[in-house]
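# Understanding the architecture of this molecule
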Amino acid sequence: MATQTAPRRSATSGLLRQVQQDPSSYVVAAVMAIVLLIFVLWPTVALLFEPRGGDWLDYLTSERLRGITRNTAVMVVLSTVTATVTGFLFAFALTRDDIPGKRFFRFISLLPLVSPPFALGLALLLLFGRRGLLTYELLGLEVDAYGLSGIWIVQTFSLYPVAVLSLASVLRNQSPALEWAARDLGRSWFGVIRTVTLPLAMPGLLSAALLVAMFVLADFGNPLLVGGDYRVLAVEAFMQVTGRFDLGVAAVLSAVLLLPALLFFLIQRRILSHRSYVTVTGKESSLSPIPTPPAVRWGLAVFMGVVTAFLLITYASIFAGAITTTWGIDWSLTADHLDYVLFRTGDLQNSAVYAAIAAFVCAFFAAAAGFFLHRRWVPGRGALDALCVLPAALPGTMLGIAYVITFNTEPLVLTGTAFIIIMSMIIRNLPVGYRSGVSALHQIGSSIDESAADLGASGLRTFRTIMLPLMKGAFTAAFVYAFVKSINTLSAVIFLTSPGNQLASVSIMGLAEHGYWGEAAAMSSALMLITFAALAVFRVATRGRVRLFEL
């Protein structure tokens, strides 16, 4: 017995000595653990245990719910394929030296990433709906843009930039020397692409497809806005909560939605952790990629031009709708919609204030988590690391329902408050900020904080006075990213808002559903302008040295 208890006593005494030497690190780690346990793990577990056997039986025996599951699978396959293929063509063109108009196409590809997630859905109805500008007014056609086709189009154009972001770095890191070697061996241009470029890019292509699939699964605003009778899991879960207040069935649908999302997330992380794009060793090659044949070069330029023209027209329609008296009926100009957004409702102000608070807390929490979990030894840091990235795998609809289940009853009632809305924004954006902070720490030598520790500085003081200033680029990027995403967020907060804490994104959905297109367009325009202004300030503040989206 003595030989068994001795190691335990030694480990315990060692831990106590570490706590006594640097108590601040353990206090900070304990606070982070409490936050993550309460707002990540507890709601997730509560949602998974909410359904009873009867709820699962209802799902398994309901032909309608099984049909909705099939609808979701069809939507994921179609949108993932087209968005990934479109993203690959864009990424390929943007990494070639002889494609005309690259800078312009690169800039336009960023717009769907920083605009409200449902903006393209709203624009689709304004242009191609029953009273659409292009279909009804110009062509005299009565086209129904609702349904699977509408969702498919919107998700393709709104999510292809996700694939571009993932694939651009993959293609850019390939060594041109391999392409030139294949050409020297007699391969044609298409042969080089088929036997060299595509095989090397295949792990990245699969990773991009999985990432897009996760976004498609989590997409809530577009299927709600343009889906019509074509229901998907995220929308049906929302209807179960708001229409029937059947949290059990809603939790079942959320769990069904979580399974593929979590699977995609784990596979994608495994690919990222094991793949290597190192195609040469030694001195880096200064060669340019092999020249693109004229037909291919101009074909890619035309393709990107068509996609870009569609995006520009859709975004222009939103701004036009903001100053049009009655879309589809009275085309005269008016400022009433802008007056409504700016002066008659506080929704826009709420969104901006909540997003700013959430962004600052998220950036600070992410930087602190990165430092204390990767530069300080704290108990359970592996589990805390997992909890920091877990929200990336949770669909927003699921998180919102989980918060309703968890924080609508004792012992912690938070629903209807601004606090729970802000916390949902923080948790949703934490994984990106956390990974950004960890990446920044990898570029900072560990000898810096080790020297501070040798001079007697506590972990908290080292973080506050040394590491945080050195991580200011990552902190600023995390802040702006969280602000942009938080001010446009919908899927989680739509369950958490109340009459006194309404948000612009939620109001836009309500206005659009009731046919108030002018007010919806005006509020969408305001959100986009605030987002663009935030990005402009970020670029000026960082002097262009730090990029949110590397293309």
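Residues numbered from 1 in each chain as written. Predicted model: local features only at pLDDT ≥ 70, side-chain atom pairs only at ≥ 80, totals over all residues. Heavy atoms only, no water.

## Quick word on unusual backbone geometry
Our working definition: Helix and strand definitions follow DSSP, with helices as H or I runs of at least four residues and strands as E runs of at least two, each counted in order from the N terminus.
Here the residue pair Glu410 and Pro411 is connected by a cis peptide bond, since its omega of 15° sits within 30 degrees of zero. For Pro411, the position within the fold is in the loop between helix H19 (396–407) and helix H20 (418–442). In this structure, Phe245 is a non-glycine residue whose phi angle is positive, near 50°. Note on placement: Phe245 falls in the loop between helix H13 (233–242) and helix H14 (247–274).

## Remarks on the environment of Glu519
Basically, it comes down to this: Note on classification: 1.4 Å probe, protein chains only; a residue is buried when its accessible area is under 20% of the maximum for its type, exposed when over 50%, partly exposed between these limits. The contact definition used throughout considers only heavy atoms, calling two residues in contact when any of these lie within 4.5 Å.
With respect to the helices, strands and loops of the structure, Glu519 is situated in helix H25 (residues 517–542). Since its relative accessible area comes to 18%, Glu519 is described here as buried. When the C-alpha atoms of Glu519 and Thr326 are compared, they prove to be 9.9 Å apart, with 193 residues separating the residues in sequence. In contact with Glu519, not counting residues within four places along its chain, are His337, Tyr340, Val341 and Leu511.

## Topic: the UniProt feature "domain: ABC transmembrane type-1" (unreviewed entry) in the chain
Short version of the rule: UniProt positions are given in the numbering used here, feature names are shortened, and annotations may be inferred rather than shown by experiment.
As recorded in UniProt, the feature "domain: ABC transmembrane type-1" (unreviewed entry) lies at residues 69–268 and 348–538. In this annotation, residues 69–268 is assigned 78% helix and 0% strand; the end-to-end C-alpha distance for the span is 23 Å.

## A few points about the pairing of strand E2 (residues 330–333)
Operational definition: In this description, strands pair whenever DSSP reports at least two bridges between them.
Where strand E1 (residues 324–326) lies against E2, two bridges are found, and the strand directions are antiparallel. By the bridge assignment for E2, Thr326 is matched with Asp330.

## Details of the confidence of the model for the chain
Heads up, the rule is: How sure the predictor is of each residue is captured by pLDDT, a score from 0 to 100.
Of all residues in the chain, 92% have pLDDT values of 70 or greater, and the mean over the chain is 86. Mean pLDDT values over the elements of the chain span from 55, in helix H1 (residues 2–21), up to 95, in helix H4 (residues 63–94). This model gives residues 277–284 a pLDDT under 50, and the stretch forms 11 contacts once residues within four places in sequence are excluded.

## Concerning the packing of H4 against helix H5 (residues 102–109)
Our working rule: Note on definitions: angles span 0 to 180 degrees between N-to-C directions of axes, and those axes are lines fitted to C-alpha atoms, for helices only across the stretch in contact. If you view the pair so one helix is near and one far, a crossing is left-handed when the near helix is turned anticlockwise from the far one by less than a right angle, and right-handed when it is turned clockwise. Three categories are distinguished: nonpolar for Ala, Val, Leu, Ile, Met, Phe, Trp, Tyr, Cys and Pro, charged for Asp, Glu, Lys and Arg, and polar for the others, with Gly belonging to the last.
Two numbers describe how H4 lies on H5: the axes approach to 10 Å, and their chain directions differ by 140°. Crossing of H4 against H5: the hand is left-handed. Residues Phe90, Ala93 and Leu94 of H4 lie in contact with H5, whose contacting residues are Lys102, Phe105, Arg106 and Ser109. Of the residues that constitute the contact of H4 with H5, the class distribution is four nonpolar, one polar and two charged.

## A look at the domain arrangement of the chain
By a frequent convention, interface size equals the accessible area lost on bringing the separate parts together. Note the cut-off: Domain delimitation follows an automatic or database domain assignment. Throughout, buried area stands for the accessible area (probe radius 1.4 Å) lost by two parts on being put together, summed over both. Think of a salt bridge as a Lys or Arg side-chain nitrogen and an Asp or Glu carboxyl oxygen that are within 4 Å of each other. Here a polar contact means two N or O atoms within 3.5 Å. Within protein one must be a hydrogen donor candidate and the other an acceptor candidate, and residues neighboring in sequence count only if both atoms are side-chain atoms.
Entries for the chain in the domain assignment read domain 1 (25–61 + 332–550) and domain 2 (62–231 + 291–322). Taken together, the contacts link 38 residues of domain 1 with 29 residues of domain 2. When domain 1 packs against domain 2, close to 2,700 Å² is buried across both sides, 74% of that on carbon and sulfur atoms. On the surface where domain 1 and domain 2 come into contact, there are zero salt bridges. Between the two partners, domain 1 and domain 2, sit seven residue pairs in polar contact (both at pLDDT 80 or more). Looking at the side of domain 1 that touches domain 2, the elements with two or more residues in it are helix H3 (53–61), helix H16 (336–344), H19, helix H23 (472–488), helix H24 (504–513) and H25. The element best represented in the side of domain 1 that touches domain 2 is H25, accounting for 13 residues.

## Remarks on a nonpolar patch on the surface
Using the following cut-off: Exposure above 30% relative accessible area and no salt bridge define the residues that can form patches, which grow by joining like charges within 9 Å and nonpolar side chains of Val, Leu, Ile, Met, Phe, Trp and Tyr within 5 Å. For accessible areas, the Shrake-Rupley method is used with a probe of radius 1.4 Å. Any residue's cover is judged against the shown protein chains and nothing else.
A grouping of Leu37, Leu41, Val45, Leu48 and Phe49 is seen on the molecular surface, where their side chains present a nonpolar patch of about 460 Å² in accessible area. Overall, Leu37 belongs to the partly exposed group, its relative accessible area being 42%.

## As for the state of the cysteines
The test is simple: In plain terms, two cysteine sulfur atoms within 2.5 Å form what is called a disulfide here.
Applying the stated rule across the entire model yields zero disulfides. Cysteine Cys362 remains unbridged, with the sulfur of Cys388 as its closest cysteine sulfur at 10.0 Å. Judged by relative accessible area, Cys362 falls into the buried class, the value being 1%. Using a relative accessible area of 1% as the deciding quantity, one classes Cys388 as buried.

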